[in-house]
Amino acid sequence: DTADVYGNHEEVAKAIRNSGLKREELFITSKVWRSELKRDLALYAGERFLDELDTPYLDLLLVHWPNKDVPIGETMSAFAGLKEKGVTKSIGVSNFSVNHLKEALKLNIEFSVNQVEFHPSLNQKALKEFCDENGLITIAYSPNAQGEDFKLEAVKKLAGKYSKTESQIILNWLVHKDIVVIPRSSNPKH
């Protein structure tokens, strides 16, 4: 899971080269930042990402955040063009509310994902239900609330009861909700 705004494409490319893994064994996602959502900028970004990530294609390309100043149809049309061209296998959105999703779905441009912050203290149940009803996969970023949800009494209690870590309890809760989870850590040990 990469993004232009993270500035990590070249480091990820180096890690992939050093991993010894075949491209088919990886699922690479990147995101176009809200200031780059106009058609020409989005098209350029998609192509540039391939160069920066040193990959022949992306598995998933996301709109990183909605931008009220750029019509979603303009962006999604560009993304559909990138998919058609083979730059990405799938397209989706990130940080979209139900209202944003409704607007995007009206376009009849196929997209598959909404990546959002989702964890016990930010249980976006209505958003998840809307995604389910419309065939969209929910991907949870920051699933542990940057460690804050480890302090929740219910999480601590369940971790003790089942002899699991707080993180395992939270990740299990999300997986059982049919949510794809992308945890991260800034701690090399983790």
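Source: prediction; values computed, not measured.

Enquirer: Residue-level account of the overall build of the protein, with values.
Expert: Of the regular secondary structure elements, the protein holds 7 helices and 6 strands. Over its C-alpha trace the protein gives a radius of gyration of 18 Å, about what one expects of a compact globule, namely 16 Å for 190 residues. If you line up the protein on its principal axes, its C-alpha atoms span 55 × 40 × 25 Å. Counting only residues that meet the buried cut, the protein has 41% of its 190 residues in that class. Expressed as a percentage of contacts within the protein between residues at least 6 apart in sequence, the contacts between residues at least 24 apart total 68%. Total accessible area computed for the protein in this model is approximately 10,900 Å², and 51% of it derives from carbon and sulfur atoms.

Enquirer: So what's going on with the side chain of threonine 55? Residues and values would help.
Expert: As for its position among the elements, threonine 55 is in the loop between α2 (39-53) and β2 (58-63). Overall, threonine 55 belongs to the buried group, its relative accessible area being 9%. A distance of 2.7 Å separates the side chain of threonine 55 from the side chain of arginine 23, its partner in a polar contact. Beyond its immediate chain neighbours, meaning those up to four positions away, threonine 55 contacts Arg23, Ile28 and Leu50.

Enquirer: Describe the pattern of salt bridges, naming the residues involved and giving the relevant values.
Expert: Any two side chains of opposite charge can pair if their charged atoms end up close together. In the structure shown here, the tally under the stated rule is 10 salt bridges. A salt bridge links lysine 128 to aspartate 132, with the nearest nitrogen and oxygen atoms 2.5 Å apart. Separated by 4 residues within a single helix, lysine 128 and aspartate 132 lie in helix α5 (residues 125-133), roughly one turn from each other. Taking relative accessible area as the criterion, lysine 128 reaches 8% and is therefore assigned buried. Judged by relative accessible area, aspartate 132 falls into the partly exposed class, the value being 44%. Via salt bridges that share partners, Asp4, Arg48 and Glu52 belong to a single interconnected network.

Enquirer: I'd love a proper account of the packing of helix α4 (residues 98-105) against α5, names of residues and values included.
Expert: Two elements in contact, α4 and α5, have axes separated by 10 Å at closest approach and are oriented at 15°. Classified by the angle their axes make, α4 and α5 are roughly parallel. The way α4 lies across α5 gives a crossing that is right-handed. Across the interface between the two elements, Val98, Leu101, Lys102 and Leu105 of α4 pack against Ala126, Leu127, Phe130 and Cys131 of α5. Its residues placed into classes, the contact of α4 with α5 shows 7 nonpolar, no polar and 1 charged.

Enquirer: So, the packing of aromatic side chains: which residues are in play, and what are the values?
Expert: Tallying each qualifying case throughout the model produces 1 aromatic pair. Taking the centre distance of 6.2 Å and the plane angle of 45° together, the rings of phenylalanine 118 and tryptophan 173 count as tilted. Placement of phenylalanine 118 in the loop between β4 (113-117) and α5 and of tryptophan 173 in helix α7 (residues 166-175) is noted, with a sequence separation of 55 residues between them. Tryptophan 173 gets classed as partly exposed once you look at its relative accessible area, which sits at 27%. When the ring centre of tyrosine 57 is taken as origin, the NZ or CZ atom of arginine 23, which lies over that ring, is 4.0 Å away.

Basis of the calculations
Residues numbered from 1 in each chain as written. Predicted model: local features only at pLDDT ≥ 70, side-chain atom pairs only at ≥ 80, totals over all residues. Heavy atoms only, no water. Helix = DSSP H or I, 4+ residues; strand = E, 2+ residues; numbered from the N terminus. Rg over C-alpha atoms; globule rule 2.2 N^0.38 Å. Buried < 20%, exposed > 50% of the residue type's maximum accessible area, 1.4 Å probe, protein only. Contact = heavy atoms within 4.5 Å. Areas by Shrake-Rupley, 256 points an atom, 1.4 Å probe, with all protein chains shown as cover. Polar contact = N/O pair within 3.5 Å; in protein donor to acceptor, adjacent residues only side chain to side chain. Salt bridge = Lys/Arg side-chain N within 4 Å of Asp/Glu carboxyl O. Axes fitted to C-alpha atoms, helices over the stretch in contact; angles between N-to-C directions. Parallel < 35°, antiparallel > 145°, perpendicular 65-115°, else oblique. Left-handed = near helix turned anticlockwise from the far one by under 90°. Nonpolar A, V, L, I, M, F, W, Y, C, P; charged D, E, K, R; others polar. Phe/Tyr/Trp six-rings, centres within 6.5 Å; stacked < 30°, edge-to-face > 60°. Lys NZ or Arg CZ within 6 Å of the ring centre and 35° of its normal.

Purely geometric stuff here, so don't read any function into it on its own.
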